[in-house]
Amino acid sequence: MSHHLLHVYTGDGKGKTTTAMGLALRMLGHNQPVFIAQFMKDGKSGELHALRSFEAAYLFDSAKLRGFFGRLTPEQQEQTRQEHLESVERMKVKIEEIKPALTVLDELNVALTMRLVTMEAAISLIDCALLYGDVAVTGRYAPQALLDKADYVSKIEAVKHPFNEGIQARKGIEF
Ligand code: ATP
Ligand code: MG
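**Q** For this particular structure, what's the right way to read the pattern of salt bridges?
**A** It is possible for side chains of opposite charge to pair when their charged atoms get near one another. Tallied over the entire structure, the rule returns 6 salt bridges. Of the charged contacts, one joins Glu-107 and Lys-41 as a salt bridge, the two residues approaching to 2.8 Å between their closest N and O atoms. Of this pair, Glu-107 sits in the loop between β4 (102–106) and α4 (108–113) while Lys-41 sits in the loop between β2 (34–38) and α2 (46–52), placing them 66 residues apart in sequence. When its relative accessible area of 35% is taken as the criterion, Lys-41 is described as partly exposed. Notably, a salt bridge pairs Glu-89 with Lys-92, separated by 3.3 Å at the nearest N-O pair. Here Glu-89 pairs with Lys-92, and both are found in helix α3 (residues 74–98), just 3 residues apart, close to one helical turn. The exposure class of Glu-89 is partly exposed, given its relative accessible area of 41%. Residue classification places Lys-92 among the buried positions, given a relative accessible area of 14%.

**Q** Even after reading the chapter, I still don't get the site of ligand 1, so can you show me in this structure?
**A** With respect to spatial proximity, 14 residues lie near ligand 1, and among them Lys-14, Lys-16, Thr-18, Glu-107 and Glu-174 are the closest. Contacts to ligand 1 include Asp-12, whose backbone N or O atom sits 2.9 Å from a nitrogen atom. Between an oxygen atom of ligand 1 and a main-chain N or O atom of Gly-15, the distance comes to 2.8 Å. Class assignment of the residues belonging to the shell around ligand 1 gives a composition of 2 nonpolar, 5 polar and 7 charged.

**Q** What should I look at first to understand helix α1 (residues 16–28) in this one?
**A** Think of an α-helix as 3.6 residues a turn; residues three or four steps apart then line up on the same face. Here α1 spans 19 Å end to end across 13 residues, near enough to the 18 Å set by a 1.5 Å rise per residue. All of the buried residues in α1 are Lys-16, Thr-17, Ala-20, Met-21, Leu-23, Ala-24 and Leu-28. Viewed along the axis of α1, the buried residues span an arc of 150°, placing them on a single side of the element. Where α1 is buried, its residues meet β1 (6–10), β2, α2, β3 (57–60), β4 and β5 (134–138).

**Q** For this particular structure, what's the right way to read the sheet that holds β2?
**A** Backbone hydrogen bonds hold the strands of a sheet together, and the pairing may be parallel or antiparallel. On the basis of which strands lie adjacent, the open sheet formed by 6 strands has the order β3-β2-β4-β5-β1-β6 and parallel pairing. This sheet does not close on itself; its edge strands, each paired only once, are β3 and β6 (152–155). For this sheet, the mean angle separating the axes of adjacent strands, direction not counted, is 15°. Of the strand pairs in this sheet, β4 and β5 are connected by 4 bridges, and their pairing is parallel. Residue pairing across strands places Leu-105 opposite Val-137, the latter belonging to β5. On the sheet, α3 packs against β2, β3 and β4 and is oriented at approximately 170° with respect to β2. Where helix α5 (residues 119–130) meets the sheet, its contacts fall on β1, β4 and β5, and the angle it forms with β5 comes to roughly 145°.

**Q** Just checking my understanding: could you explain the coordination of the magnesium ion (ligand 2) for this structure?
**A** Angles between donor atoms at a metal ideally measure 109.5 degrees for a four-coordinate tetrahedral arrangement and either 90 or 180 degrees for a six-coordinate octahedral one. In this structure, Thr-17 (OG1) and Glu-107 (OE) serve as the protein donors to the magnesium ion (ligand 2), at separations of 2.0 to 2.1 Å. Linking Thr-17 in helix α1 with Glu-107 in the loop between β4 and α4, this pair joins segments that are 90 residues apart in sequence.

What counts, and where the lines are drawn
Residues numbered from 1 in each chain as written. Chains lettered and ligands numbered in written order. Predicted model: local features only at pLDDT ≥ 70, side-chain atom pairs only at ≥ 80, totals over all residues. Heavy atoms only, no water. Salt bridge = Lys/Arg side-chain N within 4 Å of Asp/Glu carboxyl O. Helix = DSSP H or I, 4+ residues; strand = E, 2+ residues; numbered from the N terminus. Buried < 20%, exposed > 50% of the residue type's maximum accessible area, 1.4 Å probe, protein only. Near = heavy atom within 4 Å. Polar contact = N/O pair within 3.5 Å; in protein donor to acceptor, adjacent residues only side chain to side chain. Nonpolar A, V, L, I, M, F, W, Y, C, P; charged D, E, K, R; others polar. Expected span 1.5 Å × (residues − 1). Arc of directions from axis to C-beta. Contact = heavy atoms within 4.5 Å. Pairing = 2+ DSSP bridges. Axes fitted to C-alpha atoms, helices over the stretch in contact; angles between N-to-C directions. Donors = N, O, S within 2.8 Å, 3.2 Å for Na, K, Ca; no water.

Structure below.
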């Protein structure tokens, strides 16, 4: 039994990914190894460029979605799932190698909801990372099984978001 803890940041309000990346920054401030994998995204968000400059940060090149998943053919969808499964297996190999004090699995909840990653694969990845340090999982729609497994659960509520007033995503704030 490890004494490392699982964090889940979920809900429809802004602040899930930035919270997890803030934790990464905090751990890097102690010069401890941090592993970051981002599901569902293109890897271009500002914090990733910044975190890359830390020697103790490992940014994993995750499997990518090619366009809207719902518009892919069943064969392409299956291939995308296969790529995600392989990507998760490679993550475990890297985690075993670098033994991160913190692992960030950004938007894993969304990948689980879209069934790009199976719950079985996600739990196996999380358990692998928990051997070495804390794990932070983010994304809307956290499945109940993860909420049950987590030690910290923070649900961020969108009381207001300017997107609803027609304000588009802004550089340095949303990405
Ligand atoms: P952040 O990365 O700013 O911490 P987040 O991780 O909580 O946000 P996601 O659900 O991952 O938010 O959403 C991705 C993008 O949508 C981000 O650019 C985020 O700022 C923005 N966003 C977050 N909440 C809302 C909302 N309620 N309405 C519209 N856009 C949102
Ligand atoms: Mg996010």
